[in-house]
Amino acid sequence: MDQTILSKQNNYPGSYIKQDLKEAEEEHKAHKELQDKKYGLYFLLFQGLVYLIAIISFGFGNPDQLGKPYDTNQNVCGVHVGLESYKYIYFTNPTDSKHLERTVCVKECPILNVDNESDESLELECYPNQVINSCRNRPSIDDPTYTMLYYDSVPFIDICLPKKISYFNNIQEGLEQSGIISFLSDISNGKIMIFATLTLCLLLNQLFYFLMIKLQQTAIWVISITSIFGLFLSGLLGLFYYLKQSQYAHLANGTKLTGEQAIGIIQVEESNITIILISSIFFLLFGAYFLIDLILNRKTYKTIGIKIQIVNYFFDFSSSGIQQQEDQPSRFREILILLMGSAGFLLIFCGFWVWMATNLFSIGKAEQGYYAFNTFQLSWTTFIMGSIHIFELIIVTLAIIGSEQILLIGKVIEVYKRMGIQRQKIDSHDSELSLMDIFEIYAFNNFGSVVFGEALIFLLMIPRLFIRIYVWIRQKRDANFEIPSKLTQILCINERAYLLAYLRNDEFLMSAKSQYVFDQKLKETTKVQYHGEQLSVTYCFAVANLCVSLTYILIITTSTTIGIHQPVYFLLISFIFSYFISVMFSTVYGATIDNLTILLYRDTTADGKVVGTCVKNIVRLMKEPELNEQTHQQQQNNGQQD
C-alpha cells in the first residue's frame, strides 16, 4: 500500500466529517483537475466512434434479412421481392446429406397425415428457382440430384423440419448458422418473452422498494424468503427443463418426430444444455445456503431489518404518505425518479443497442458454396465493429449503474449535512442540494472516476473473489498472515471508494486505497459490518430468479409457437439484465447502509465513544453490528427527544 496513503491521518476512523464536508464544497466549486477526468473524455470519444458505427450500420445494414435462409438461387426467403409470403426454407432431398444445397422457398410447410411420399400428385406451394423449376413430388427419378420429395414436416421459425428422424438427422449440417446472428434472431423472435420478463422485473423492484418503506423491519424477511423461493423455483424448473431436453438426444432411429421433439433437438444441438444443469444445481445449493444462513443468523437479518428502518428515517420516508418536511422537496420522489430514470435509461439504451446490432450484423453479402443459413457471410469489418459494439454494451451499462450510485452518495452526504446543520454542529446556511445540483457536480468532477472505477471493478470481479477465498484459507491456517501488497491493490477496488472520491474529489485509485485502509483500521477497533452488500445480493437474487423462473415457464410452454434457437443464452440474458436492474433499486438501501456507516465513523468524538456526533441517536444505531428490539426502541425514544 502506498505510504502516502498510510500516512494520512484521516484514513482512520475519527472526527473528520466537518473537514470532509468543507473540503468537498470547496473542491466541487473549484472543479479540481484530476487524472481520472481523462477517462470521461475517453468515454465520450468512444461514444463518438460508436455512433459513427451506428450511422454506417443504419446506412448499409438490412435487418429484415438477419438470420433468414437463402435458397439455391441466393434469394432471401420472406424478404426479396415476390418472396414476401414464401418465408420457409425447404430441403428438397433429405434422403442423405449430399444435396443440402438444393433448397426452395415455400409458403407453408407440408403436412402428411398418412405416409404417402410416393404420390406424385402432391405439390408444394413454392417459389421456383433455376435449380428447382417444379415443386411437384418427384421421388422416382433415378438421379437423386433432381429428386423433389414431399414429406411430413413441422415449421420452426423459417425452416420446414422433417418429422422422419432419418431425414431430420441428414439436414442438421444445413441448419448451421453464425452464433451472433442466431442470438440476435432469438432476441427478435422472443420479444414478447423479453417484454414479459422485464415487466415482471420492474414490478417486483417497485414492490420490494415500497415494501421496505411500508413494512420496514419486516421487509428483509419477505425479501429473504422470496429470494430462497426464487432460487429453489428456478433450480427445479432448470432441472425439469434439462431432463425434458436431454431426452431428445436419445430418440430411436425409426421414430417419427412430433413438432415439440423436432424443435427440442434443434435447441439441444445449438446450445449446451449442460450449462442449464450446472446453473440449476448452483441455484439449488445457493437456495439451501440462504435458507441455512437465514435460520442460523437470524440476528444478522434482524439487524438488517432495523437498518432498513433507519434508512427510512434518515431519508424522511414516512410509513404513510412518504412525505417530506415542510418547505423541502420530497426525497422519496427524488430518489424514485432517480431509480426509474436510471432503469428506464438502461432499458432504452439496451433497446437501441439491439436495434443497432441487428443492423450492424446484417452487413455482409451472400457467398456461393454455403448452405441456406450460412450463405450470408459477415465481412471482417463487421466483426471489428461488432466487437466495439459489444464493448459499448458493457461499458455504458456499468457507467449508468456507477452514476446512479454516486448520485445517491451525493444525496446521502447532503442529508447528513442537513442533520448536522439542524443540530448546529456544522455552520452552513446553504440549502440542501437537489439531485440535479448533485448531477452537475458529478458531471464536472466525478464522471471520469466512475467510468474508470466501474471498468476496474468489473475486470477484477473474478480475481477479487479468488483472492478473498485464498486470504480466508491462509488466515484460517495462520492468524498472523499478512496480505501481500500486490493482493491488497486488487482487494481495495470496490464501490465503497466512491464515497471518498465524492467527498475529497480525489482519483478513484487513491480513494479506493484510502477506503481500504479505513476499513482495515475499522475492523481492528470495532465489530462493525457492512450489511448493505448482503442486503443487495439477497434482493437481487430474489428478483432475478423469479424473472428466470418466468422465462423458463415461457420457454417450456411456447416452444412450438415462439422460435428460440439457443434457450441457454436467452435465460442467461434474462438473469443478467434483471439482476442489473435490481442492483439499481437495491442501491437505495444497500449502498446507503454501507456509506452511512462510513460517514458515522468519520464523525466520532476524540475518545471514540460517540459515533455520528452530527446526527440523531436513531441514525447512530447504524454502527451497531447487532441490534435488538429493546435497544432500538430505547434509542428511537431518545432520538425523538433530540
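Whatever comes next refers back to the structure up there.
Residues numbered from 1 in each chain as written. Predicted model: local features only at pLDDT ≥ 70, side-chain atom pairs only at ≥ 80, totals over all residues. Heavy atoms only, no water.

Some words on the state of the cysteines
Okay, step 1: Enumeration according to the criterion identifies 3 disulfides in this entry.
Okay, step 2: Note that Cys-77 is cross-linked by a disulfide to Cys-105, the S-S spacing being 2.0 Å. Residues Cys-77 and Cys-105 are joined by a disulfide whose S-S torsion is about -80 degrees; by sign, that bridge is left-handed. In this pair, Cys-77 sits in the loop between helix H3 (37–60) and strand S1 (88–91) while Cys-105 sits in strand S2 (residues 103–106), placing the two residues 28 residues apart along the sequence.
Okay, step 3: For Cys-77, a relative accessible area of 1% gives the class buried. (Disulfide = S-S within 2.5 Å. Helix = DSSP H or I, 4+ residues; strand = E, 2+ residues; numbered from the N terminus. Buried < 20%, exposed > 50% of the residue type's maximum accessible area, 1.4 Å probe, protein only.)

Brief notes about the packing of helix H6 (residues 191–214) against helix H11 (residues 331–360)
Okay, step 1: At a minimum axis separation of 13 Å, H6 and H11 run at an interaxial angle of 160 degrees. Taken as axis vectors, H6 and H11 run roughly antiparallel relative to one another. By crossing handedness, the relation of H6 to H11 is classed as right-handed. Residues Leu-198, Leu-202, Gln-206, Tyr-209, Phe-210 and Ile-213 of H6 lie in contact with H11, whose contacting residues are Phe-332, Ile-335, Leu-336, Leu-339, Met-340, Ala-343 and Leu-347.
Okay, step 2: Residues of the contact of H6 with H11, tallied by class, amount to 12 nonpolar, 1 polar and no charged. (Axes fitted to C-alpha atoms, helices over the stretch in contact; angles between N-to-C directions. Parallel < 35°, antiparallel > 145°, perpendicular 65-115°, else oblique. Left-handed = near helix turned anticlockwise from the far one by under 90°. Contact = heavy atoms within 4.5 Å. Nonpolar A, V, L, I, M, F, W, Y, C, P; charged D, E, K, R; others polar.)

Quick look at unusual backbone geometry
Okay, step 1: A positive phi angle, close to 65 degrees, is found at Gln-74, a residue other than glycine.
Okay, step 2: Looking at where Gln-74 falls in the secondary structure, it is placed in the loop between H3 and S1.
Okay, step 3: The residue Gln-216 is not glycine, and still its phi comes out positive at about 55 degrees.
Okay, step 4: Within the secondary structure layout, Gln-216 lies in the loop between H6 and helix H7 (219–246).

Section: the environment of Gly-341
Okay, step 1: Within the element layout of this structure, Gly-341 appears in helix H11.
Okay, step 2: Separated by 63 residues in sequence, Gly-341 and Glu-404 place their C-alpha atoms 9.4 Å apart.

Comments concerning a nonpolar patch on the surface
Okay, step 1: Taken together, the side chains of Ile-390, Ile-394, Phe-458, Leu-459, Met-461, Ile-462, Leu-465, Phe-466, Ile-469, Trp-472 and Ile-473 define a hydrophobic patch exposed on the protein surface, amounting to about 1100 Å² of accessible area.
Okay, step 2: Where the nonpolar patch is concerned, the elements lending two or more residues are helix H12 (380–422), helix H14 (447–459) and helix H15 (461–477).
Okay, step 3: The leading source of residues in the nonpolar patch is H15, at 7 residues.
Okay, step 4: Classification of Ile-473 by relative accessible area gives partly exposed; the value is 34%. (Patch = residues over 30% accessible without salt bridge, like charges linked within 9 Å, V, L, I, M, F, W, Y side chains within 5 Å. Areas by Shrake-Rupley, 256 points an atom, 1.4 Å probe, with all protein chains shown as cover. Salt bridge = Lys/Arg side-chain N within 4 Å of Asp/Glu carboxyl O.)

Functional significance is not addressed by these values, which are geometric in nature.
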